[in-house]
Structure formats: C-alpha cells, structure tokens
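So you can see what is in the structure, the chains are spelled out below.
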Amino acid sequence: MNLEQLLAYSNHNKASDLHLVHNNPPQIRIDGSLVPIEYKILSGTDIENLIFPYLSKEQISEFNLNHELDTALAFPKAGRFRANLYRTMGETASAFRTIPTTVPTLDELKSPEIFKQLIKIEKGLILVTGATGSGKSTTISAMINEINISHHKHIMTIEDPLEFVHKSKKSLISHRNVGSDTKSFTSALKYALRQDPDVILIGEMRDRETIGAGLTIAETGHLVFGTLHTNSAPQSINRIIDIFESEKQNQIRMQLSTTLVAVISQVLIPKIGGGRKAIFEILINNSAIANLIRDAKNHQVYSQMQINQTETGMKTQTAELMKAIKNGEIRVEDALKYSNNREEFKRLLN
C-alpha cells in the first residue's frame, strides 16, 4: 500500500491516528488503543518513500533542517489528515491524525446545551483544553460551525496546521495557516484587528506572546477561542497566569477575570460496546469565579464550581464520570484512569 491507501485503510477502520515508526509495522489507533496493521516492518527510508512524494521541496528541506514538520494532507479517497514528521534514533517517523471532512454540529456531537449559549456571547475568551487526542479541535470546530450557521460574523481561524475547513454560510470565514498564510501566531494576531474579525480561533495558545495577544483581543470586544494542553479547568487558569513573569501576573489576573467566558476541559473515554464518550468539565466565569482569579485564590475555584451546578451551568469531571458510570456508558476502571481528581472520584465511588 502507498500512503493514501494506508490512510484510507485507517479511515475505513474508524481510526483516529496512523503511526509510522521504523522497525515497526504501521499502527492505527482505534478507540484509544494502538493496533498493528499486517504490513512489512518499516525502515526510516521506507517511511520517507511513503511520505516525501506528497510534500513540497520546501517542506522536505524544512524537515531535513529542523527534524520536525507539521502539515496537513488531503487525499481524494482517504480524506484529510494532520501530519507530523519527526526523527527517532536518527530515523524518520510520522503520525497522522484524521480530520473529518464534514464539520460536525453540536447536536451531532450531543454536546452540552450550554455550548449553544456560549457562542452567543459577543466578546471574551473561551478555552477548550485537554490532552492531545481529547477532541479539542472537534469541539471548537462544532462551536465555530454553530456561529457560522446562525450568525452574520467574520470568523478568522489561525492554525498550525489548518484542520477543519469551514465553508462560509451566514458568516464569512477566513482561514490562516501558520507558515503559508502568516509567519506565526504572534504575527497573525498582531494584524488581526485590522482585518475586522468578530470571532478569532487561535489553534494553540502555546506561549506568553500568543496568550497575551489573545487576552488583549478578547478585551477589545472580540470573541476568542483558544486551546491549551491542560487536564482541568482550574489548571488552565493556573497555566495562563504562571506562564508570565511574576511582575506581570497581577495584570494577567485582572485581564483574565474580566475576559474569561468559560473553560471547557475534556477527555475521550472508551465506551462499553465500542466508541468513545466525551466527558466535559465546564467552568463558567461569574462574579464569584472572577473574584477568586483576581485575588489569586485559584485553589478555591474548584470548590466554587461544585456549588449549584444546575443553576450555574458548571460541571466537574468527577460528577460527569459518575453520571456516565451510572448510565452504563463507561467502565469504572477507565473512568479512574482518566480522572483528574482521583481522590474525589474514589470517595464518591465508595
């Protein structure tokens, strides 16, 4: 099989990822677990021969220089994929993440109803967080899609690489791919306000410059979506504040307390009977949460999230895990494995 056939095979088996690593056969990830494909053992040269024909000369040069490359590839039969090339023990390896060709809706994902309320907000920062492969991009794309089909907005996405491709419906969509459309996230955000956006998606808030720019844009009356690799809503607040120098942290607390709309932290857990269940932890910024952020009392945020969840719209991961177990959707051992608060989970379980 060539690369397109391998990726088509991966898609046919509903795999989320395809891995090509030297001294191993190709492996695909199904419902969170890796499964080898019946194929020959690959060398680094084999992997290069599979992938390089689909890359430009500039991309190959960049990979040979930096030993890392992020890109997106599209195939007529196999679909669209986010690709990462890297080196391991001096040999070329790669990972491919499946990107659905159809942008999902919030209803199709059976997302919490509050997501539809959040996208109606005119300005502020909405964070979607979780580990790699937790479905962050899918959730954000569904929220962007909801705006696209229901509001007349200018939506700008800044990603590295570009993943979901939206077609303009009621909204106008501008996609910016870091590398080909702009030099960096920082550069794109510097000039973004001159491009008259209403909604901006920042593919990854990975450094203080990008986070700082995102907070400032949210302050100026725009709705900003961003992602972080954090495992809980309170941890996300700590990450944003801690990435800045100590002398700037008070200013960041003030900005965050006024601009933050919500933090959605998610995991995908294997379901009984196959597939995966999305478990959401949701923090909604209100006066109590804002005061805790501003007063550097982040350790009290989780306790505040537990209060009156029906009224506030907030959800803790532990409560959602317990609900999924009671509904017979997930196993206790899987819930424990993915829990971000094991002591609380074990206590409630007992």
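What comes next is a walk through the structure. As the structure is a computational prediction, the values presented were derived from the model and not from experiment.

Rules used throughout
Residues numbered from 1 in each chain as written. Predicted model: local features only at pLDDT ≥ 70, side-chain atom pairs only at ≥ 80, totals over all residues. Heavy atoms only, no water. Helix = DSSP H or I, 4+ residues; strand = E, 2+ residues; numbered from the N terminus. Rg over C-alpha atoms; globule rule 2.2 N^0.38 Å. Buried < 20%, exposed > 50% of the residue type's maximum accessible area, 1.4 Å probe, protein only. Contact = heavy atoms within 4.5 Å. Areas by Shrake-Rupley, 256 points an atom, 1.4 Å probe, with all protein chains shown as cover. Lys, Arg positive; Asp, Glu negative; His and termini not counted. Charge placed at Lys NZ, Arg CZ, Asp CG, Glu CD. Pairing = 2+ DSSP bridges. Axes fitted to C-alpha atoms, helices over the stretch in contact; angles between N-to-C directions. Parallel < 35°, antiparallel > 145°, perpendicular 65-115°, else oblique. Left-handed = near helix turned anticlockwise from the far one by under 90°. Nonpolar A, V, L, I, M, F, W, Y, C, P; charged D, E, K, R; others polar. Phe/Tyr/Trp six-rings, centres within 6.5 Å; stacked < 30°, edge-to-face > 60°.

Attention shifts here to the overall build of the protein. Each helix and strand in the protein was counted, giving 15 helices and 13 strands. A globule of 350 residues ought to have a C-alpha radius of gyration of about 20 Å, and the protein, at 21 Å, matches this closely. Its C-alpha atoms give the protein principal-axis dimensions of about 60 × 55 × 40 Å. Taken over 350 residues, the protein has a buried fraction of 49%. Sequence-distant contacts, at least 24 apart, represent 56% of the contacts inside the protein between residues at least 6 apart. Here the protein displays about 16700 Å² of accessible surface, and carbon together with sulfur accounts for 47% of that area. With 40 positive and 38 negative side-chain charges, the protein shows a spacing of 3 Å between the two charge centroids.

Here the focus is the sheet that holds strand S6 (residues 91-99). Read across the open sheet, the 6 strands follow the order S3-S2-S1-S6-S5-S4; overall the sheet is antiparallel. Looking at strand neighbours, the two that pair on one side only are strand S3 (33-36) and strand S4 (68-75), the edges of this open sheet. Sheet twist, expressed as the mean angle between neighbouring strand axes with direction ignored, is 25°. The pairing of strand S2 (residues 27-30) with S3 spans 4 bridges and is classified as antiparallel. If you follow Arg-29 over to S3, its bridge partner there is Leu-34. On the sheet, helix H3 (residues 57-66) packs against S4, strand S5 (79-88) and S6 and is oriented at approximately 150° with respect to S4.

The next point concerns the packing of helix H7 (residues 208-219) against helix H9 (residues 249-259). Interaxial distance between H7 and H9 falls to 10 Å at its minimum, and their mutual angle equals 50°. One element, H7, and the other, H9, form an angle in the oblique class. As for how H7 packs across H9, the hand of that crossing is left-handed. Each of Leu-215, Thr-216, Ala-218 and Glu-219 in H7 lies in contact with H9, whose residues at this interface are Ile-252, Gln-255, Leu-256 and Thr-259. Looking at side-chain class alone, the contact of H7 with H9 contains 4 nonpolar, 3 polar and 1 charged residues.

The residue Asp-334 is located in helix H14 (residues 332-338) in this model. With sequence-adjacent residues up to four places away left out, Asp-334 is seen in contact with Ile-269 and Pro-270.

The next thing to look at is the packing of aromatic side chains. On inspection of all chains with the given rule, the structure shows 4 aromatic pairs. Centre to centre, the rings of Phe-52 and Phe-63 are 6.3 Å apart; their planes meet at 80°, and the pair counts as edge-to-face. In this pair, Phe-52 sits in the loop between helix H2 (44-51) and H3 while Phe-63 sits in helix H3, placing the two residues 11 residues apart along the sequence. As far as burial versus exposure is concerned, Phe-52 and Phe-63 are alike and both buried. Seen from their ring centres, Tyr-54 and Phe-75 are 5.1 Å apart, and the 75° between their planes marks the pair as edge-to-face. One end of the pair, Tyr-54, is in the loop between H2 and H3; the other, Phe-75, is in strand S4, and 21 residues separate them in sequence. Look at Tyr-54 and you get partly exposed, because its relative accessible area is 32%. Among the aromatic side chains, those forming a connected cluster through ring pairs are Tyr-54, Phe-75 and Phe-81.

All right, on to the environment of Ala-192 then. With respect to the helices and strands, Ala-192 occurs in helix H6 (residues 185-192). As for Ala-192 and Ile-217, which are separated by 25 residues in sequence, their C-alpha atoms are 8.7 Å apart. Excluding residues within four positions of it along the chain, Ala-192 makes contact with Met-156, Pro-197 and Ile-200.

Now for the side chain of Glu-320. Locating Glu-320 in the fold gives a position in helix H13 (residues 317-326). For Glu-320, a relative accessible area of 15% translates into the label buried. Excluding residues that lie within four positions of it along the chain, Glu-320 makes contacts with Ile-279, Phe-280 and Lys-315.

We now examine the pairing of S4. Burial of the side chains of S4 is restricted to one face: Leu-69, Thr-71, Leu-73 and Phe-75 are buried, whereas none of Glu-68, Asp-70, Ala-72 and Ala-74 on the reverse face is. Where S4 and S5 come together, 8 bridges link them in antiparallel fashion. In the strand pairing of S5, Ala-74 is matched with Arg-80. Count of turn residues in the S4/S5 antiparallel hairpin: 3 residues.

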